[in-house]
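# Descriptive structure summary
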There are 2 protein chains.
Amino acid sequence: MALTVVGSIAFDSVRTPFGARERMLGGSAVHFALAASFFTEVRVVGPVGADFGDEHLEMLRARGVDTTDVERVPGGETFFWRGHYEVDLNVAHTDETRLGVFADFEPKLSEESRAAEVLFLGNIQPELQRRVRAQCNGARLAALDSMNLWIETARDALVAAIREVDCVILNDAEVRMLTEEPNLAKAARELMDIGPRIVVAKRGEYGAALFTREGFFALPGFLLEDVRDPTGAGDSFAGGFLGYLDGCAAFEPDARTLQRAMAYGTVLASFNVEEFGTERVERLTPEEVSQRYGELRALTHFDAPA
Amino acid sequence: MALTVVGSIAFDSVRTPFGARERMLGGSAVHFALAASFFTEVRVVGPVGADFGDEHLEMLRARGVDTTDVERVPGGETFFWRGHYEVDLNVAHTDETRLGVFADFEPKLSEESRAAEVLFLGNIQPELQRRVRAQCNGARLAALDSMNLWIETARDALVAAIREVDCVILNDAEVRMLTEEPNLAKAARELMDIGPRIVVAKRGEYGAALFTREGFFALPGFLLEDVRDPTGAGDSFAGGFLGYLDGCAAFEPDARTLQRAMAYGTVLASFNVEEFGTERVERLTPEEVSQRYGELRALTHFDAPA
């Protein structure tokens, strides 16, 4: 079992109604890797700048994440994102994005990263995703995330990338936007017609829905009284979902395994949003993951008719 | 066991991307009563005009609904609503509302309707809801729905009405709006502090969440490939939820009973949206309800860790 993730490694400056942080560690690859590290061995591929401290990688390594393929670009600047959320945390605003070393990123995977059975292509330029997919052509379960920017500006490349993976993990609004089909179940079927056999539609605080050719599955988000910062929740979900599948070597997962993976994704995302950035997941324990998994069952399960 | 519902009995003219209907039977009391009729004896209280045909009541009676307290106002016009939905069915627009006989409605409950153990106050003016509640003061489980209009124009009366019921069933946006608390779990707790011991937040296609002083519960909506008309889905949910509770005489329901009720609410709402107005639920069978209840379990349940 081994899982390779390629995506952004970033500094995030975030303001929510519950506080603010300057230049904390973030990025899709970081949130994903932390979440997946509870289930399997994870390798991170991505560039950082000269402003990136070794202590940040240390935090990932402490969770067992392999950072050999994190490429330090001399004189470069690490990807930077500044954003804020409204009182309704579902509404996010981007105030500043500086691509930095990501502008000229050309992924070079080590032999170990290429050998992964599971590959996650975080939300980056679709052509980059395709080049990583080509290098990692032995992966038995490849998944990708994307965003509205690429649907608008690189649609053909994104569709080509989707054709080359087994699983897409997108926000439900993006699934609808990409297919121009407002019914989510129909839209997911259209994505499967392109190639993937698994479609996960993330729905923010409302949870996530899973579609395969055999059927549907859905979970609500875990209900929390304290949500401080939603940044990275979608990547934490993907990390829990794919990390679990890789951890039990389920490269062609059956329905029951996918359902458990959905639950682990939901659990990891729920911890992510409790504090800023990676703060909560950094000190998360496997016991807490197990406990919340049980709580999520209690939150969603109901008896057969009396 | 007996359940009384007061609310609108209406003619709805509805247009969605999947078709249109002129002056079909609708209204909160109608959708609620049809759904609840699968579980218990239902009495409908509300006014209709001279334009209201007996064949409409016949459809309710065929489902066992008692229409004795449907008050026909000579020369009056039945409540009329015209609206349309965007391609994204979550976005509804009201084009015309004519209160008709509802403008001067003064509820007069028969002795039988007053004797109900469960009472549902559909979305009408909060002072009217309070007067019905006062007439039906023996009800052991009273619930109400409301809407943004009353939160904006009759807030004090609505809060007074909420103080007098055991259960509120509102859209999640309305729960947040009423409490001015963006976190749904906290907002639900604030509503419970007013008086009710059960808060249900309806979330449209995303399902519903339940809050009591003891804990949380949530279900996603049933995933459907064909959704034609969401009108009445919330009232169908409430009808399934409260109808089930009344049907098993659960006037102080425990957690497991509430969870089953949430599932039946979800099931009835899912049938409601498959066709226009009451078309689907009119010909629904108890066997179909049972089957979808099982499908909803399969859609949401996952194993304990392997």
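Everything numeric here is computed off the predicted structure, so don't read it as measured data.

## Some remarks on the sheet that holds strand E10 (residues 167-171) of chain B
Backbone-to-backbone hydrogen bonds pair the strands of a sheet. The strands run either parallel or antiparallel. Residues and elements named next belong to chain B. The strand order across the open sheet formed by nine strands is E5-E4-E1-E8-E9-E10-E11-E12-E13, and the pairing between neighbours is mixed. Each edge of the open sheet is held by one strand with a lone partner, namely strand E5 (70-72) and strand E13 (216-219). Taken over all neighbouring pairs, the strand axes of this sheet differ in orientation by 15 degrees on average, direction set aside. In the sheet, strand E9 (residues 141-144) pairs with E10 via two bridges, with the strands oriented parallel. Looking at E10, one finds that Ala143 is bridged to Cys167.

## A word on the sheet that holds strand E3 (residues 19-26) of chain A
All names here are of chain A. Spatial ordering of the open sheet is given by E3-E2-E6-E7, a layout of four strands whose pairing is mixed. Only two strands of the sheet have a single neighbouring strand rather than two, namely E3 and strand E7 (92-98). Across the sheet, the mean angle from the axis of one strand to that of its neighbour is 15 degrees, orientation sign disregarded. As paired strands, strand E6 (residues 79-85) and E7 are joined by six bridges and run antiparallel to one another. By the bridge assignment, Arg82 is partnered in E7 with Glu96.

## What to know about the interface of chain B and chain A
One frequently used descriptor of interface size is the decrease in accessible area upon assembly of the parts. Contact with chain B, which involves 41 residues of that partner, is made by 41 residues of chain A. Of the roughly 4,100 Å² buried between chain B and chain A on both sides combined, carbon and sulfur atoms contribute 54%. For the interface between chain B and chain A, the tally reads twelve salt bridges. The salt bridge involving Arg256 of chain A is made with Asp303 of chain B; its shortest N-O contact spans 2.8 Å. Remark: the boundary between chain B and chain A carries 25 residue pairs in polar contact (both at pLDDT 80 or more). If you list the elements that add at least two residues to the side of chain B that touches chain A, you get helix H7 (172-179), helix H8 (184-194), strand E12 (208-212), E13, helix H10 (255-272) and helix H12 (286-300) of chain B. The leading source of residues in the side of chain B that touches chain A is H12 of chain B, at six residues. Of the residues contributing to the side of chain B that touches chain A, the split by class is 24 nonpolar, four polar and 13 charged.

## With respect to the relation of the copies chain B and chain A
The operation linking the two copies of the chain is a rotation about an axis combined with a translation along the axis. Rotating chain B by 180 degrees and moving it 0.0 Å along the rotation axis overlays it on chain A with an RMSD of 0.0 Å. Taken together, these values place the two copies in the relation of a two-fold axis. When C-alpha positions in chain B are compared against the rotation axis, the closest is assigned to Pro220 of chain B, at 2.7 Å. Mapped onto chain A, 100% of the interface residues of chain B again fall at the interface, so both copies present the same surface.

## A short note on the packing of helix H1 (residues 28-36) of chain A against helix H9 (residues 233-247) of chain A
Residue and element names in this part refer to chain A. Where H1 meets H9, the axes come as close as 7 Å, and the angle between the chain directions of the two elements is 40 degrees. Viewed along their axes, H1 and H9 adopt a mutual orientation that is oblique. Here H1 runs over H9; the crossing is right-handed. Along its contact with H1, which presents Ser28, His31, Phe32, Ala35 and Ala36, the element H9 presents Asp235, Ser236, Ala238, Gly239, Gly240, Leu242 and Gly243. For the contact of H1 with H9, the per-class residue count stands at five nonpolar, six polar and one charged.

## What about the pattern of salt bridges?
Throughout the structure, instances matching the rule amount to 52 salt bridges over all chains. A salt bridge links Lys202 of chain A to Asp145 of chain A; the shortest N-O distance between them is 3.4 Å. Linking Lys202 of chain A in strand E11 (residues 198-202) with Asp145 of chain A in the loop between strand E9 (141-144) and helix H5 (148-153), this pair joins segments that are 57 residues apart in sequence. Across the pair, Asp145 of chain A and Lys202 of chain A agree in class, each one buried. A salt bridge links Asp66 of chain B to Arg43 of chain B; the nearest nitrogen and oxygen atoms lie 3.1 Å apart. One end of the pair, Asp66 of chain B, is in the loop between helix H2 (54-62) and E5; the other, Arg43 of chain B, is in strand E4 (residues 42-48), with 23 residues separating them in the sequence. Exposure remark for Arg43 of chain B: the relative accessible area of 19% places this residue in the buried category. Each of Glu22, Glu77, Arg82, Glu96 and Arg98 of chain A takes part in a single network of salt bridges with overlapping partners.

## Re the confidence of the model for chain A
Confidence along chain A averages 96 in pLDDT terms, with 100% of residues attaining 70 or more. The ipTM value of the predicted complex is 0.94, and its pTM value is 0.96.

## Things to note about the side chain of Ser113 of chain A
You can see Ser113 of chain A is positioned in helix H3 (residues 111-114). Apart from the residues within four sequence positions on either side, Ser113 of chain A is in contact with Thr4, Arg43, Val45, Asp69 and Cys136 of chain A.

Thresholds, definitions, all that
Residues numbered from 1 in each chain as written. Chains lettered and ligands numbered in written order. Predicted model: local features only at pLDDT ≥ 70, side-chain atom pairs only at ≥ 80, totals over all residues. Heavy atoms only, no water. Pairing = 2+ DSSP bridges. Helix = DSSP H or I, 4+ residues; strand = E, 2+ residues; numbered from the N terminus. Axes fitted to C-alpha atoms, helices over the stretch in contact; angles between N-to-C directions. Contact = heavy atoms within 4.5 Å. Buried area = accessible area lost by both parts, 1.4 Å probe. Salt bridge = Lys/Arg side-chain N within 4 Å of Asp/Glu carboxyl O. Polar contact = N/O pair within 3.5 Å; in protein donor to acceptor, adjacent residues only side chain to side chain. Nonpolar A, V, L, I, M, F, W, Y, C, P; charged D, E, K, R; others polar. Least-squares fit on C-alpha atoms with pLDDT ≥ 70 in both. Parallel < 35°, antiparallel > 145°, perpendicular 65-115°, else oblique. Left-handed = near helix turned anticlockwise from the far one by under 90°. Buried < 20%, exposed > 50% of the residue type's maximum accessible area, 1.4 Å probe, protein only. pLDDT = per-residue confidence, 0-100.

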